Amino acid sequence: MSTTVLENQAATTDLIALEERYGAHNYHPLDVVVSRAEGVWVWDVEGRRYLDFLAAYSAVNQGHCHPEILKALVEQAHRVTLTSRAFRSDQLGPFYRQVCELTGFQKFLPMNTGAEAVETALKTARKWAYKVKGVPEGKAEIIAFNNNFHGRTITIVSFSTEADYRDGFGPFTPGFRVLPYGDADAVEKAMHENVAAVLVEPIQGEAGIVLPPAGYLGRLREITRRHGALLIADEIQSGLGRTGKLFAYQHEGIRPDVVIVGKALSGGFYPVSGILADDPVMDVFKPGQHGSTYGGNPLAVAVAQAALRVLVEERMVENSAELGPYFLERLRQIQSRHVKEVRGLGLWIGIELHREAGGARRFCEALQKEGLLCKETHDHVIRIAPPLVIKKDEIDWAVERLERVLTTL
Ligand SMILES: *Cc1c(COP(=O)(O)O)cnc(C)c1O
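What counts and how
- Going along each chain's sequence as written, the residues are numbered from 1 onward.
- With the structure being a predicted model, the display of local features is reserved for residues of pLDDT at least 70 and the display and counting of side-chain atom pairs for 80 or more, all residues being used for whole-chain, interface and lining totals.
- Side-chain measures were taken over the full set of non-hydrogen atoms in the model, leaving aside hydrogen atoms and water.
- We count a stretch as a helix when DSSP gives it H or I for four or more residues in a row; a strand needs E for two or more, and each element gets its number in order from the N terminus.
- We call two residues contacting when some pair of their heavy atoms lies within 4.5 Å.
- Only the protein chains shown count as cover for residues, and all accessible areas are computed by the Shrake-Rupley method using a 1.4 Å probe.
- By this definition, two strands are paired if DSSP reports at least two bridges between them.
- The axes used here are C-alpha line fits, helices contributing only the stretch in contact, and every angle between their N-to-C directions lies in the interval 0 to 180 degrees.
- One heavy atom within 4 Å of a molecule or strand makes the whole residue count as near it.
- For the purposes of these results, a polar contact is taken to be a pair of N or O atoms within 3.5 Å, where, inside protein, one atom must be able to donate a hydrogen and its partner to accept one; residues adjacent in sequence count only when each atom of the pair is a side-chain atom.
- Asp, Glu, Lys and Arg are counted as charged, while Ala, Val, Leu, Ile, Met, Phe, Trp, Tyr, Cys and Pro are counted as nonpolar; the rest, among them Gly, fall into the polar class.
- Side-chain rings of Phe, Tyr and Trp, where Trp is taken by its six-membered ring, are said to pair if the distance between their centres is within 6.5 Å; with planes under 30 degrees apart they count as stacked, over 60 as edge-to-face, and otherwise as tilted.
- For each residue, the accessible area found with a 1.4 Å probe, counting protein chains only, is set against the maximum for its type, and the residue is called buried under 20%, exposed over 50%, and partly exposed in between.
- Ring-over charges, as used throughout, are those where CZ of Arg or NZ of Lys falls within 6 Å of the ring centre and within 35 degrees of the ring normal.
- Here the word oblique covers every angle except those under 35 degrees (roughly parallel), over 145 (roughly antiparallel) and from 65 to 115 (roughly perpendicular).
- Note on convention: the crossing is left-handed when the near helix lies turned anticlockwise from the far helix by less than a right angle, right-handed when the turn is clockwise.
- Each domain span listed reflects an automatic or database assignment of domains.
- Here the quantity called buried area is the accessible surface, traced with a 1.4 Å probe, that two parts lose on coming together, added over both.
- In the sections that follow, a salt bridge refers to a side-chain nitrogen of Lys or Arg positioned within 4 Å of a carboxyl oxygen of Asp or Glu.

(A) Up close: the overall build of the chain. Check the secondary structure of the chain and you find 14 helices and 15 strands. Taken along its principal axes, the extent of the C-alpha atoms in the chain is 65 × 55 × 45 Å. Within the chain, contacts between residues at least 6 apart in sequence are counted, and of these 72% link residues at least 24 apart. For the chain, the exposed area adds up to about 18,300 Å²; of that, 51% sits on carbon and sulfur atoms.

(B) Structural detail: the sheet that holds strand 14 (residues 375-377). Strand order in the open sheet formed by 4 strands is 11-12-15-14, with antiparallel pairing between adjacent strands. At either margin of the open sheet sits one strand with a lone partner, and together these are strand 11 (339-345) and strand 14. With strand direction ignored, the average angle separating the axes of adjacent strands in the sheet is 30 degrees. Pairing analysis gives 3 bridges linking strand 14 to strand 15 (residues 381-384), with the strands arranged antiparallel. What sits directly across from glutamate 376, in strand 15, is isoleucine 382. Against the sheet, helix 12 (residues 316-332) touches strand 11, strand 12 (348-353) and strand 15, its axis set at about 175 degrees to strand 11.

(C) Main features of the site of the ligand. Every residue close to the ligand is listed here: Thr113, Gly114, Ala115, Phe149, His150, Gly151, Glu201, Asp234, Ile236, Gln237 and Lys263. Glutamine 237 is positioned with one of its side-chain polar atoms (N or O) 2.7 Å from an oxygen atom of the ligand. In the complex, 80% of the free accessible area of the ligand, which totals 380 Å², lies under the protein chains. Taken together, the residues of the shell around the ligand break down into 3 nonpolar, 5 polar and 3 charged.

(D) Layout of the side chain of histidine 150. Secondary-structure assignment places histidine 150 in the loop between strand 5 (141-145) and helix 6 (154-157). A polar side-chain atom of histidine 150 sits 2.8 Å from a polar atom in the side chain of aspartate 234. In this structure, histidine 150 is in contact with Ala115, Val118, Ile156, Phe159, Leu199, Val200, Glu201 and Asp234, ignoring residues within four places of it in sequence.

(E) Fine view of the packing of aromatic side chains. Under the counting rule described, the total for this entry stands at 11 aromatic pairs. With centroids separated by 6.4 Å and ring planes inclined at 50 degrees, the aromatic side chains of tyrosine 96 and phenylalanine 108 adopt a geometry described as tilted. Placement of tyrosine 96 in helix 4 (residues 92-103) and of phenylalanine 108 in strand 4 (residues 107-111) is noted, with a sequence separation of 12 residues between them. We classify tyrosine 96 as partly exposed; its relative accessible area is 22%. Between phenylalanine 247 and tyrosine 249, the aromatic rings sit 5.4 Å apart at their centres with planes inclined by 15 degrees, giving stacked as the arrangement. Tyrosine 249 carries the same exposure label as phenylalanine 247, and that label is buried. Aromatic ring contacts, followed pair by pair, group Phe95, Tyr96 and Phe108 into a single cluster. Geometry around tyrosine 22 places arginine 21 over its ring, the cationic atom sitting 4.5 Å from the centre. Positioned over the ring face of tryptophan 41 is arginine 49, at 3.5 Å from the centre of the ring.

(F) Spatial organisation of the packing of helix 4 against helix 11 (residues 298-313). Where helix 4 contacts helix 11, the two axes come as close as 9 Å, and the packing angle between them is 30 degrees. Considered as vectors, helix 4 and helix 11 are oriented roughly parallel to each other. Viewed along their axes, helix 4 and helix 11 form a crossing whose handedness is left-handed. Taking contact as the criterion, the partners of Leu92, Pro94, Phe95, Gln98, Val99 and Leu102 in helix 4 are, on helix 11, Val301, Ala304, Gln305, Leu308, Arg309 and Val312.

(G) Representation of helix 9 (residues 216-226). All of the buried residues in helix 9 are Tyr216, Leu217, Leu220, Arg221, Ile223 and Thr224. Contact partners of the buried residues in helix 9: strand 5, helix 8 (184-190), strand 7 (195-200) and strand 8 (230-234). Residue glycine 228 follows helix 9 closely and has a positive phi angle near 65 degrees.

(H) Expanded view of the domain arrangement of the chain. Along its sequence, the chain is organised into domain 1 (3-62 + 315-408) and domain 2 (67-313). Counting residues at the interface gives 29 residues for domain 1 and 30 residues for domain 2. Buried surface at the junction of domain 1 and domain 2, summed over both partners, amounts to about 2,400 Å²; 59% is from carbon and sulfur atoms. The largest per-residue losses of area from domain 1 upon contact with domain 2 belong to Gln62, Leu345 and Trp348, which jointly make up 31% of the total buried on that side. Applying the counting criterion to the domain 1 and domain 2 interface returns 1 salt bridge. One salt bridge connects arginine 383 with glutamate 206, and the closest N-O pair in it is separated by 2.8 Å. The tally of links from domain 1 across to domain 2 stands at 21 residue pairs in polar contact (both at pLDDT 80 or more). Mapped onto the side of domain 1 that touches domain 2, the elements with two or more residues apiece are helix 2 (55-58), helix 12, strand 11, strand 12 and strand 15. Each residue belonging to the side of domain 1 that touches domain 2 can be placed in one class, and the counts come to 17 nonpolar, 9 polar and 3 charged.

Next comes the structure, spelled out in structure tokens:
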């Protein structure tokens, strides 16, 4: 691997100092200053190489700087980048067709960030409840779950159960009910005629790669259908191959009414998100009722088309399905007194540590020194989510380092 000329001689400490001096302190990043990336690898300003086990929270499932997506971005940037939705573009229709054919939904509504797409899904559910289901105005209720993560807007943190996400941001948006995750009976009991939708992460990522009991999504599907409510799957992080299927809900053979996508929809190049639904739901929107200046812009959807194309053509979903179980098994074989549980699906794995281990952060810092970038989630879980282009020998390389850190720290 070439670690020759450093493109950027600026010292790590100076660049960190700049961030701390001029930027809001709303994150606590590892002190690695990345200046370059390719595939599963990133390099810091001092030329050190790391395997990326976060993949930008699954936004770079296709690997960093994928050449085909890069080409689409550059070519489109030379032609036209933004028309606004006041005009049409030659990119939007082909993108809509591609994403609908790939996912089996009838329509797509484009946004930019994940949080905006979640907001869009919530607005869709409420409007559907009033206009189609006949819920009395102002009475629609949406059910969400403990330890959910759906983004950071005021409405979304209104149904978060994470104190840090909410503290100081009230007053909150009413109309949400939060139930225990994984407990379908609780949902059954909570259903009433004004429930518009159930919003669920098929696997809770930020909560620590939490898998619900087998059959849970199937039961949510059955309950929502019977009570005439929508089932909304937030697949922003779990979707687009992360779990070894295109969408995590496919593991249970169900089909939600609304699917929220983001992150890897653009392979890390550009914020592109949106929701998928069939006509009876999506047709609640009439001109002027919802929108976004950048949503569905030509640059975004040119990038998204390439990102979806390479995901399929280069069999990244299959790679996740094939290597995920191997990786999980290798990790489970590590004998470490710190490890409470190793769990996951596809290339999405959480290593939960015992409380006595002193938190996952110090393990992530030790892994950084070994050339592996992981980010702790919920204090006690080391989250592993490499780009889906990872190869078996790279997994072996990583397991060796994970074993060293988990057994010596
Ligand atoms: C990241 C994420 C979001 C929010 O996406 P942003 O682009 O950060 O706004 C929503 N839901 C889930 C499950 C996510 O992982």
